[in-house]
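Observations on the three-dimensional arrangement
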Amino acid sequence: MTNTHRTPTGGTVDRSKTISFTFNGKSYQGHAGDTLASALLANGVHLVGRSFKYHRPRGILSAGSEEPNALIQLERGAHTEPNLRATQIEIYEGLTASSQNAWPSVEFDVGAVNNLFSKIFVAGFYYKTFMHPQSMWMRVYEPIIRRAAGLGKSPQEADPDIYDKMHAHCEVLVVGAGPAGLAAALEAARGGARVILADEQPRFGGSLLGSRGETIDGMPALEWVAKAEAELRSHPEVTLLPRTTVTGYFDHNYLVMAERRTDHLPRGSKPGVSRQRLWKVRAAQVVLATGSHERPLVFADNDRPGVMLAGAARTYVNQFGVLPGRRVVVFTNNDSAYQAALDLHDSGAAVPAIIDLRKSVDGPLARKARAQGIRIITNSAISEVEGGKKVRGVQVQALAADGETVTGPAESIACDLIAMSGGWNPAVHLFSQSMGKLRYDEALAAFVPNLSVQAERSAGACKGSFALPACLAEGAEAGRAALAAAGLDAAEPARVPTAEALEEQPLRPLWIVPGKKPVGQKGKHFVDYQNDVTAADVLLASREGYQSVEHLKRYTTTGMGTDQGKTSNVNALAILAKSLASPIPQVGTTTFRPPYTPLTYGTIAGRDVGELADVARVTPIHAWHVEQGAVFEDVGQWKRPWYFPRGAETMEEAVRRECRAVRTSVGVLDASTLGKIDIQGPDAATFLNRMYTNAWLKLDIGRCRYGVMCKEDGMIMDDGVTTRLGPNHFIMTTTTGNAAKVLDWLEEYLQTEWPELKVYLTSVTEQWSTASIAGPKAREVVAALAPDLDLSAEAFPFMSMKEAVVAGVPARIFRISFTGELSYEINVPSHQALHVWREMMRVGARYDITPYGTETMHVLRAEKGYIIVGQETDGTVTPFDLGMDWIVSKQKKDFVGKRSYARPGAVDDGRKQLVGLLPEDPAFVLQEGAQIVEDADNRTPIPMLGHVTSSYYSETLGRSFALALIKNGTNRLDQAVYAPLDGGRIVKCTVTKPVFFDPEGVRLHG
Amino acid sequence: MANALPRAGAVARFAPAVTALASSAGLVLAEMVPPGQVNLRGNPSDPRFLRAAGSVLNCLLPVGANTVQSTDDITVLWLGPDEWLILTAPGGETELIERLRAALGDVHAAVTDVSGNRARLRLSGPEARMVLAKGCGLDLHPQRFKAGQCAQTTMARVGIILHQLDDRPTYDILVRRSFAEYTWMWLKDAMAEYGGTIAAG
Amino acid sequence: MLLINCPWCGPRDETEFSYGGEAHRVRPADPSALTDEQWADFLFMRTNPKGAHKERWVHSHGCRRWFNVERHTVTHQILNVYPPASAPQPVQDIEAANGDAAPASSQKGARS
Ligand SMILES: [Zn+2]
């Protein structure tokens, strides 16, 4: 074990368990409980990556999810995952990780040359450098930027892991299991609430995990944490979720959490268990105890490996027993970094100096440091950092009176770590996502929650209360308040855990730390480490007029990395405010959006992959279609047979054969997908009369009628055949795609406009399975199935319905046609439909009954000029446009849509009308959607007449044909129009009437 | 016109429909033989409607939201303020419909055979609640949703009627037949981590 | 995701519902009596307030009933939910609602 930087004792890692892992091809060892970051630091490794734009060497900045630098490519092959934060990856045996943004290696990076040309990478460089021409963007610029910058590599193989989702409900969701969160959860749990406590770390304790010496209720802090966790575990209604990040806070207390269930284990070691789970939580009340993020100080070359946040340095030594440096210079503007100095010093690190920007310090922590012999240099700054791939030392100079420059001689201090603190930002991300309004707190120099919108309350550091006693008290209070707000009574008085308060002195915000040269001239003052945005970039953007914080963000890309600027936001906008000479609250802050930390696509998709990716609806006949080798077409969610190839038939051959069968013998279509609505009540006919454009009051029992339904604007929304089953009883059919929409539409009128109508609607779409038998031999097939039924044209005419027993099953038989042939639609209950279908195929065999699919159905109906809603219509088409004047009643005083036909736009000469088109080349099938023009020789832009709505090759006609919506089409019969196609081909077509076959309807009445 | 032909299950391609679940300890999924199903619409504040329905059903009409009433022969599920779903033995729907229509006479109501409309899947076992929670946003906590309650809701983007039968817990999931295969595959997948099984026919 | 309290079924996720636009727009009794402008106003013009907005929703995946919701268009807070006056009102007491309608023999079947 070569953990050169591991302290002999201390920390909560399990020193009895050694874990081997590989980083950048080299083997290392760590302990159970280490993160990749802590294990690397234990091995003395600081340089872990290269920066995004300048390829500057970067080290580990933080110890948590806010990490902007230490982005890692984890694992290889199918398991590989980019952009993970080394500070959050728990090591496991055999872990393999590598740096990103570095080629060929992190030690020698070719891209670092970007650093020398950094003038071209200034703020807005995307906009300035890669503006024109636009066509260059996709082909040239973007790939170059990607390759040069590097954002990790996405996996190239299918993800072998499982991801899933889980809904959850609770009275109180507590986000964060630090002191405030634990105190809140305890109070809520004691009151009997359903509590979910989620924390992104593998262990509960939050900031206490990295603390030393703190006591709660008289016991060491971690002992208190263990006790609290044990008590929570004893409450049956409490769910504890470590390794779970609350990533989104949505409307009505709907929160989304990502749980990492097996990421801490060797890959593939828990087969069947989802790797990550997306929780969707509806919480009556939420307690946010999300802690805070330490701010970096913005000084020259503040990104050198070995520059670390002071709180992180403290966490490494206290939680992991790792000394991130042996000789540590602390650089701060507030008291909190003194804790780090004391703990590091106590663990054996040399602390040659604490450099404090404040003019003087005399708090208890400063006194303690002095007592330990630590030198404190006040009113001073680090004016230069020595060392490239690793900090070697600092130059310290005194601050001028105004703090804008440094003066006097520089003192060199050798060190291998700079532990810095620029103050703390409450983690207000979720509060902000909940639409809560923030307030700028001058004393903290940070934004804190102000006005709540949803049922939540913040407690502890995320509210700006950093002291431990305040965290505990606010947590307990928030837990009780949440309990009460959820309508539960606390069974006992609050038990507020106690801790010792430590007086702190105010911080000194100095948003840009002055150095030896002015900003932008020497060294880089990084604001956003991940996106390589410097103070100079912010100032430049401001000078160029990007003075709104939202513009600044987009122009400089600050805060737009995967870390969403957790460490950079306040520094960036404070520098902007300073350059504008405006107060910070006036400049405002950007909006925080979900997710709090990045989510994998796998987690977002969950089980919606493969055969579960989308709902697939199948008819009761589906098994038979599969047996027959049908090729299926997606129609909405339905799987419908498209065509039934025989042998090696192509689609075209199969469709021609199917068409021929229907026109010459008999074919059958599974029409089960049609929507069906049962309509009952004394006002049923009146209701239909108002919803359909034609007349319904006098329809005889047992007779069918085609109807078109329009919206109030007069445009067609659906069509179908409706049949009168009794005086007060109808059965309506709708198109396959609109079944649910039409039912909602009808109910809306019944319930909101005409509640006085006595009508009940019931969806029976799936009660009935429909076999549509069509062709000259259809009658023979039906006769064989229902021998007792009189099928003569007199007894059972076109557009009528009979009930009969078909193959032993009670059926409704409708004599209606969508093909122009003699046709019967046999409806039987779905649970017996497959039996009837097989029987039908058996008795139909002697007529060579041919199953046909949707493609043949489309061709046959188009030959007859029958429309399909959604194909010939698009929400802008009236019945008149389709030449269906006959379907619109002139007698009815009112129906839905009628008034709109009197509007000027509805009777315009220029309206498009449905016509037929015959391409000059009878073998050529136009593309559906092809535009039609009057004169192909016109100069562009050529005025468009309309477009092709349906186009097929007709076996019956022996040629191609099409339907089209064309301006003033009915007046263009026999005229030529043109379809200019892709590749410059122009197809001449003749306009015809939109009926190509049996215009008199002899066959369907036969 | 009652017919004695067997009723095909909606997931017959995957598993046979069963008439009852064996009382095993584990998590189990089955399709039940499609029951007779009758949709009833009517105005519950019309005493004539209530009397007529009650006389045929031989139980109180569950007019409270999300509730179920059962006798040995039938189960009546509340679907809405004027809509109920009555489950009866396979084939029993024909006589039930005739009796309901006769009793209702000219009372404004609608009685509709929907026996073919939905498949009845049954999920039973200690982890059934977790399985459902993977795809259903309803709060199924025993204090919130109990045996004898039902709800029309969605699971895995499919509209379902969920009916809790007992505290094991056992749930009936009534789903439109066309969605049954998808729902079945989804449930089977969601059960996998708990070692769920398919009931033998 | 909104949590909408269906007047009949109780609180459910927004995904169970469909939106129906502005509430309380009554279809004119005699559309033919309207001018083109008045009809166009009925067809196309809607209020679009920043703040409280009364709108129609239907519980598509539940009881299929239309009802009204008053929602704050900025915060999405739901201020009020109410069924149309003409709709069947929610029932609290099953026994009372059934009155003398149920036969005595039904007792064995209570709420299983
Ligand atoms: Zn409802």
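Please read all numbers here as calculations on a predicted model, not as lab measurements.

1. What about the interface of chain C and chain A?
Listed as interface residues are 33 residues of chain C and, on the opposing side, 30 residues of chain A. A buried area of about 2700 Å², summed over both sides, lies between chain C and chain A, and 46% of it is on carbon and sulfur atoms. The three residues of chain C that bury the most area against chain A are Arg 27, Arg 64 and Trp 66 of chain C, which together make up 27% of that side's buried surface. Its salt-bridge partner being Asp 13 of chain C, residue Arg 282 of chain A comes within 2.7 Å of it at the nearest N-O pair. Summed over the shared surface of chain C and chain A, the result is 24 residue pairs in polar contact (both at pLDDT 80 or more). Within the residue set of the side of chain C that touches chain A, elements represented by two or more residues are β3 (18–22), α1 (36–44) and β4 (52–58) of chain C. It is α1 of chain C that provides the largest number of residues to the side of chain C that touches chain A, a total of 6 residues. Class assignment for the residues of the side of chain C that touches chain A results in 16 nonpolar, 9 polar and 8 charged.

2. Focus on the interface of chain A and chain B
The interface of chain A with chain B comprises 52 residues on the first partner and 47 residues on the second. Both sides together, the interface formed by chain A and chain B hides about 4100 Å², and carbon and sulfur atoms give 52% of it. At the surface where chain A touches chain B, the tally comes to 9 salt bridges. Taking the shortest distance from any N to any O, the salt bridge between Asp 139 of chain B and Arg 194 of chain A comes out at 2.6 Å.

3. Some points on the coordination of the zinc ion
Residue and element names in this part refer to chain C. At the metal site, the zinc ion is ligated by Cys 6 (SG), Cys 9 (SG), His 59 (ND1) and Cys 63 (SG), and these contacts range over 2.0 to 2.4 Å. Classification of the site at the zinc ion rests on its 4 donor atoms, whose angles at the metal span 104 to 123 degrees, yielding the label tetrahedral. In primary-sequence terms, the residues that donate to the zinc ion follow C-x2-C-x49-H-x3-C. Of this pair, Cys 6 sits in strand β1 (residues 3–6) while His 59 sits in the loop between β4 and β5 (66–72); the two residues are 53 residues apart in sequence, bridging distant segments of the chain. No difference in accessibility class separates Cys 6 from His 59, as the two residues are buried.

4. Notes on the domain arrangement of chain B
Residues and elements named next belong to chain B. Looking at the assigned domains, one finds that chain B contains domain 1 (28–34 + 117–198) and domain 2 (36–113). Relative placement of domain 1 and domain 2: their C-alpha centres are 24 Å apart. Across the contact, 12 residues belong to domain 1 and 12 residues belong to domain 2. Contact between domain 1 and domain 2 buries roughly 1000 Å² in total, counting both sides, with carbon and sulfur atoms accounting for 58%. Along the contact surface separating domain 1 from domain 2 lie 0 salt bridges. At the boundary of domain 1 and domain 2, one finds 4 residue pairs in polar contact (both at pLDDT 80 or more). Contributing elements (two or more residues each) for the side of domain 1 that touches domain 2: β7 (118–124), β8 (150–155) and β9 (158–166). No other element matches β8, which puts 3 residues into the side of domain 1 that touches domain 2. Across the side of domain 1 that touches domain 2, the residue classes break down as 6 nonpolar, 4 polar and 2 charged.

Cut-offs and rules
Residues numbered from 1 in each chain as written. Chains lettered and ligands numbered in written order. Predicted model: local features only at pLDDT ≥ 70, side-chain atom pairs only at ≥ 80, totals over all residues. Heavy atoms only, no water. Contact = heavy atoms within 4.5 Å. Buried area = accessible area lost by both parts, 1.4 Å probe. Salt bridge = Lys/Arg side-chain N within 4 Å of Asp/Glu carboxyl O. Polar contact = N/O pair within 3.5 Å; in protein donor to acceptor, adjacent residues only side chain to side chain. Helix = DSSP H or I, 4+ residues; strand = E, 2+ residues; numbered from the N terminus. Nonpolar A, V, L, I, M, F, W, Y, C, P; charged D, E, K, R; others polar. Donors = N, O, S within 2.8 Å, 3.2 Å for Na, K, Ca; no water. Tetrahedral: all angles 85-135°; square planar, octahedral: opposite > 155°, others 65-115°. Buried < 20%, exposed > 50% of the residue type's maximum accessible area, 1.4 Å probe, protein only. Domains from an automatic or database assignment.

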